[in-house]
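Chain by chain, the residues run as shown.
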Amino acid sequence: MSLHDDAVLVLKAYEGQPELRQTYLDHLSAHPDGMWKACEAGHLTASALVIDPERERVLLTLHKKLNMWLQMGGHCEPGDATVAAAALREAEEESGVAGLALLAGGPVRLDRHPIPAPCHWHLDVQYAALAPAGAVEAISDESLDLRWFGYDEVAQVADESVVRLLEATRAQL
């Protein structure tokens, strides 16, 4: 099964955000290359909010290009077998934490946001991942900083999309 086909199945199974989910499905139907960064009409991305083992904090990255505190995530790559695998790979690469485990049940939410040209949209499929006990983070080349934030601190440092992701994640914990 291709990554494109996996994304369609994941989105069809996702029960939340019906209008946005349909936007994603319509995009993939209209753009066979809609999984890839080269698709200038927009493309799917995969991300994961990393939660500490005690389920009291989240690890955010200070994104180098955007200078914003965000969850870990990025573009799908040809080696990714599934959208979930892409989210997990991105989370491990950007956090430096090995052994992350995605929460069961598939994506936590979807987030569509504009990005600078030449592409127009990121259609982010957002997951949540639990860090193992003793997890040690390491800053990647894509980040200016990594920091653990208590749930009540996130709204003070991150934008509404991260706050919504945290709220949806906490509802699944």
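Structure shown above.
Criteria and thresholds
Residues numbered from 1 in each chain as written. Predicted model: local features only at pLDDT ≥ 70, side-chain atom pairs only at ≥ 80, totals over all residues. Heavy atoms only, no water. Helix = DSSP H or I, 4+ residues; strand = E, 2+ residues; numbered from the N terminus. Buried < 20%, exposed > 50% of the residue type's maximum accessible area, 1.4 Å probe, protein only. Contact = heavy atoms within 4.5 Å. Core = buried A, V, L, I, M, F, W, Y, C linked by side-chain atoms within 4.5 Å.

Draft legend 1. Representation of the environment of glutamate 40 in the model. With respect to the helices and strands, glutamate 40 occurs in the loop between α2 (18-30) and β1 (43-51). Residue classification places glutamate 40 among the partly exposed residues on the basis of a relative accessible area of 48%. Sequence spacing of glutamate 40 and tyrosine 127 is 87 residues, and the spatial spacing of their C-alpha atoms is 24 Å. For glutamate 40, the contacting residues outside a window of four places in its chain are Pro118, Cys119 and His120.

Draft legend 2. Quick look at the nonpolar core. By size, the foremost hydrophobic cluster in this structure holds 31 residues, and its most contacted members are Met35, Leu44, Val50 and Val83. Among the secondary structure elements, those contributing two or more residues to this core are α1 (3-13), α2, β1, α3 (83-95), β7 (121-130) and β8 (143-150). Setting aside its immediate chain neighbours within four residues, methionine 35 contacts Leu3, His4, Ala7, Leu28, His43, Leu44, Cys76 and Val83. Counting residues in hydrophobic clusters, the runner-up holds 19 residues, among them Leu60, Leu62, Ala128 and Tyr151.

Draft legend 3. Broad picture of unusual backbone geometry. Here the phi dihedral of arginine 55 falls at roughly 60°; this positive angle occurs in a residue that is not glycine. With respect to the helices and strands, arginine 55 occurs in the loop between β1 and β2 (57-63). Residues other than glycine seldom take positive phi values, yet asparagine 67 does so here, at roughly 55°. Among the secondary structure elements, asparagine 67 is positioned in the loop between β2 and β3 (69-70).

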